[in-house]
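# Structure at a glance
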Amino acid sequence: MRTFSRIAFICNICFIVSAIMRVVELTKRAHGNNNAAIPLPVVEGTIVILGFIAIFVNLIFVIAVLVNKFSKKQLLIPDFLLWFNLILFPVEIWYSFFSNIIR
């Protein structure tokens with residue numbers, strides 16, 4: 001569970017970075033600049049893909065945490081990893097499904 005929480009953390013960081021990159025690129029396009037936020041497309045693609053799968057990884061993480069809580073097993077995860085992943089999950093859902101409706 002410790003390794004999986006770290007993988008979820010890395011995916012969540014990539015989600016935040018990819019959301020910031022999207023805002024930067026949309027701002028650049030509005031001003032007429034079509035250059036990418038990161039000049040290395042391989043790095044940018046990797047960050048975006050990890051950002052997109054973060055919602056699924058985090059969903060599995062939240063389900064695993066709930067199963068462990070209800071079975072009263074002790075979680076051997078640092079508290080900041082647990083809370084960061086749990087707090088970011090609703091943000092990911094909102095951003096992935098509802099932020100496109102507003103625009």
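Residues numbered from 1 in each chain as written. Predicted model: local features only at pLDDT ≥ 70, side-chain atom pairs only at ≥ 80, totals over all residues. Heavy atoms only, no water.

## Structural notes on the nonpolar core
Counting residues in hydrophobic clusters, the biggest one holds 13 residues, and the most contacted among them are Phe61, Val65, Leu75, Ile77 and Leu82. Mapped by element, the contributors of at least two residues to this core are helix H1 (2-30), helix H2 (41-70) and helix H3 (79-102). (Core = buried A, V, L, I, M, F, W, Y, C linked by side-chain atoms within 4.5 Å. Buried < 20%, exposed > 50% of the residue type's maximum accessible area, 1.4 Å probe, protein only. Helix = DSSP H or I, 4+ residues; strand = E, 2+ residues; numbered from the N terminus.)

## What to know about the packing of aromatic side chains
Counting across every chain of the model gives 4 aromatic pairs. Summarising the aromatic geometry, the rings of Phe4 and Phe61 are spaced 6.3 Å apart at their centres and angled 40 degrees between planes, so their arrangement reads as tilted. Taken together, the positions of Phe4 in helix H1 and Phe61 in helix H2 put the pair 57 residues apart, joining distant regions of the chain. Residue classification places Phe4 among the partly exposed residues on the basis of a relative accessible area of 25%. Residue classification places Phe61 among the buried positions, given a relative accessible area of 0%. Pairwise contacts between aromatic rings join Phe9, Phe80 and Phe84 into one cluster. (Phe/Tyr/Trp six-rings, centres within 6.5 Å; stacked < 30°, edge-to-face > 60°.)

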